[in-house]
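Listed below, chain by chain, are the residues.
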Amino acid sequence: MRKLRSALCALCLLLLIPLALRAWRVLPLDRQPLIAEKYAGWSGVLRLWIFEGWQPGAGSLSGWLNGCIAGFEKSHPGLYVQPEYVSAEALSDFLDSGILPPDMLLFPPGLLDTPEGLAQLKLPQSIRPAFSDVGAWDIGIFAAPVAAGGYLIARNASLLDALPQSWRDGDAVLAVPFPEDWRHWDLALMALCSEPKPSAAEATAEPALPGLDLGLLPEITPAPSASPPPAPGELPSCRLPEDFDYDEGAWHSFINGQAAALAVTQREVRRLQSLADQGRGPDWALSGNCPYTDQVLCLAVLDRPDGDPRPDLCREFLEHLLDPACQGALRKAGAFSVTDAPSGYGQGDPLLQMEQALRSETLCVPCCFDGDRFDGAEKIVRKFIENDANAARLWRDAREILTETPND
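The structure reproduced in this document is the subject of the present report. All residue numbers refer to position in the chain's written sequence, counted from 1. Totals for whole chains, interfaces and linings use all residues, but because this is a predicted model, local features are given only for residues with pLDDT of at least 70 and pairs of side-chain atoms are given and counted only at 80 or more. Excluded from the side-chain calculations are hydrogens and water; all other atoms, namely the structure's heavy atoms, are used.

Turning our eyes to something else, we now look at the nonpolar core. One finds Trp64, Leu105, Phe107, Val146 and Phe317 to be the most contacted residues of the largest nonpolar core, which totals 82 residues. The helix and strand labels rest on DSSP assignments: H or I over at least four residues marks a helix, E over at least two residues marks a strand, and numbering proceeds from the N terminus. Ranked by the residues each element gives to this core, the list is headed by strand β11 (residues 296-301), at 6 residues. In what follows, residue pairs with any heavy atoms lying within 4.5 Å of each other are defined as contacts. The residues contacting Leu105, other than those within four sequence positions of it, are Leu48, Trp49, Leu91, Phe94, Leu112, Leu118, Cys298, Leu299, Ala300 and Leu302. Core analysis: the next-biggest nonpolar cluster, separate from the first, contains 35 residues, Cys238, Tyr246, Ala261 and Trp395 among them. Residues grouped as a nonpolar core are buried Ala, Val, Leu, Ile, Met, Phe, Trp, Tyr and Cys residues, joined through side-chain atoms within 4.5 Å. We call a residue buried when its accessible area falls under 20% of the maximum for its residue type, exposed when it is over 50%, and partly exposed in between, using a 1.4 Å probe and counting protein chains only.

Below, the discussion takes up the packing of helix α12 (residues 372-387) against helix α13 (residues 391-403). Simply put, an axis is a line fit to the C-alpha atoms, just over the touching stretch for a helix, and the angle between two N-to-C directions goes from 0 to 180 degrees. Interaxial distance between α12 and α13 falls to 8 Å at its minimum, and their mutual angle equals 175 degrees. By the angle between their axes, α12 is roughly antiparallel relative to α13. Of the residues in α13, those in contact with Arg373, Phe374, Gly376, Ala377, Ile380, Lys383 and Phe384 of α12 are Ala391, Leu394, Asp397, Ala398, Ile401, Leu402 and Thr403. Classification convention: Asp, Glu, Lys, Arg as charged; Ala, Val, Leu, Ile, Met, Phe, Trp, Tyr, Cys, Pro as nonpolar; all other residues, Gly among them, as polar. The class makeup of the residues in the contact of α12 with α13 is 9 nonpolar, 2 polar and 3 charged. An angle below 35 degrees is read as roughly parallel, one above 145 as roughly antiparallel, one from 65 to 115 as roughly perpendicular, and any other as oblique.

Bringing the packing of aromatic side chains into the picture now. Note on aromatic contacts: the rings of Phe and Tyr and the six-membered ring of Trp form a pair at centre separations within 6.5 Å, being stacked when their planes are under 30 degrees apart, edge-to-face when over 60 apart, and tilted otherwise. All told, the structure shown has 10 aromatic pairs when counted by the stated rule. Both rings, one in Phe51 and one in Trp182, keep their centres 5.5 Å apart while their planes meet at 70 degrees; by these two values the pair is edge-to-face. Of the two residues, Phe51 is situated in the loop between β1 (45-50) and α3 (62-75) and Trp182 in the loop between β8 (174-175) and α5 (185-194); the sequence distance between them amounts to 131 residues. Grouping residues by exposure puts Phe51 and Trp182 together as buried. When the ring of Phe336 is compared with that of Tyr345, the centres are 5.3 Å apart and the planes differ by 40 degrees; the resulting orientation is tilted. Assessed through its relative accessible area of 1%, Phe336 is described here as buried. Taken together, Tyr151, Trp185, Tyr292 and Trp395 form an aromatic cluster joined through their ring pairs.

Looking at where Asp294 falls in the secondary structure, it is placed in the loop between β10 (284-287) and β11. This count recognises Lys and Arg as positive and Asp and Glu as negative, with His and chain-terminal groups excluded. Here, a salt bridge means any side-chain nitrogen of Lys or Arg that lies within 4 Å of a carboxyl oxygen of Asp or Glu. Within the buried core, Asp294 has no salt-bridge partner, and the shortest N-O distance to an opposite charge, that of Arg183, equals 7.3 Å. Here Tyr292 takes part through its side chain, which lies 2.5 Å from a polar atom of the side chain of Asp294. Here a polar contact is recorded for every N or O atom pair within 3.5 Å, except that within protein the pair must consist of a potential hydrogen donor and a potential acceptor, and residues adjacent in sequence are included only if both atoms are side-chain atoms.

Given below as structure tokens:
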């Protein structure tokens with residue numbers, strides 16, 4: 001009986017030999033020849049140059065970006081994305097530096113004056129309206145936002161129960177850092193001052209726990225639309241102190257209790273949380289609503305001759321970054337989605353409040369080309385600071401400059 005079973009097994013193995021030979025001829029076990037044919041004349045590596053400029057809550061978007069790259073490479077066998085962090089000067093001079101240019105650029109608004117050398121893009125409908133024209137030039141789109149940051153006010157809850165209607169109404173000190181190239185604190189300040197303050201009932205409902213807003217919903221919903229603007233003569237006037245000036249040590253002024261409020265981004269919020277976890281720093285909470293952000297990272301694709309596969313593959317990579325899976329992972333970096341997808345923040349995370357502010361229908365996001373637009377808008381800010389001009393009225397003028405579509 002045992003000999004019969006052995007003979008049957010041997011016979012079955014013999015019958016499988018022709019099938020194996022057939023499969024060997026039909027199915028290529030080595031996929032490398034197929035990959036080489038697909039990317040003939042090219043190494044299969046997409047080079048990405050990155051200059052972030054501003055900081056997300058985690059300090060960098062590199063961890064988020066590497067995770068998204070790994071997912072893209074897994075779905076594109078034989079294709080690799082090579083990220084490289086470069087200086088602002090290197091990225092802005094990508095066409096004329098004499099160095100082999102990359103295939104993609106990741107940069108903040110104001111770094112590139114024109115889209116020269118860039119390919120035109122088509123944006124997915126999932127990008128929110130406030131971000132849809134960030135990469136516009138003339139009648140085309142040449143860059144797409146993939147991540148964002150925001151601005152709010154952190155107040156010392158033991159010194160301020162709520163933000164004042166005007167900073168000149170009392171002795172509370174507002175600390176604001178000096179404007180930077182990639183974080184225009186002055187524009188954020190005027191935008192913050194242009195928004196109506198909450199009513200007394202809303203102000204008393206604000207929590208005093210660090211960064212916690214019990215009124216937030218566990219799921220992201222768009223921020224409520226702004227109420228119809230009042231007539232020009234009725235606009236609220238938020239005024240700064242007569243001796244207001246930017247504070248080079250704004251962070252330390254707030255931490256040491258010298259300032260009752262501090263203009264913050266997601267980076268400062270995460271630092272305040274870290275201090276609170278160590279039992280240090282002030283008792284703080286987030287307040288305000290900022291209808292402005294210049295903290296955006298835009299992806300652009302370099303133009304290539306017809307037949308080059310790289311631009312289309314780069315467009316696929318852009319679609320991957322804007323996919324809900326990647327946008328929903330931005331929480332890990334302390335940044336925010338630019339699409340309809342939530343960023344992943346849960347109930348009790350103070351950055352959920354910042355995300356809701358970024359979903360306001362009144363949000364102003366500057367076009368990423370033509371950096372001179374910031375100079376024009378900042379001249380308007382100086383009128384607000386130096387001449388006691390109405391912030392809400394001036395903000396309308398500034399946002400027109402910031403969002404105007406540039407052209408030749």
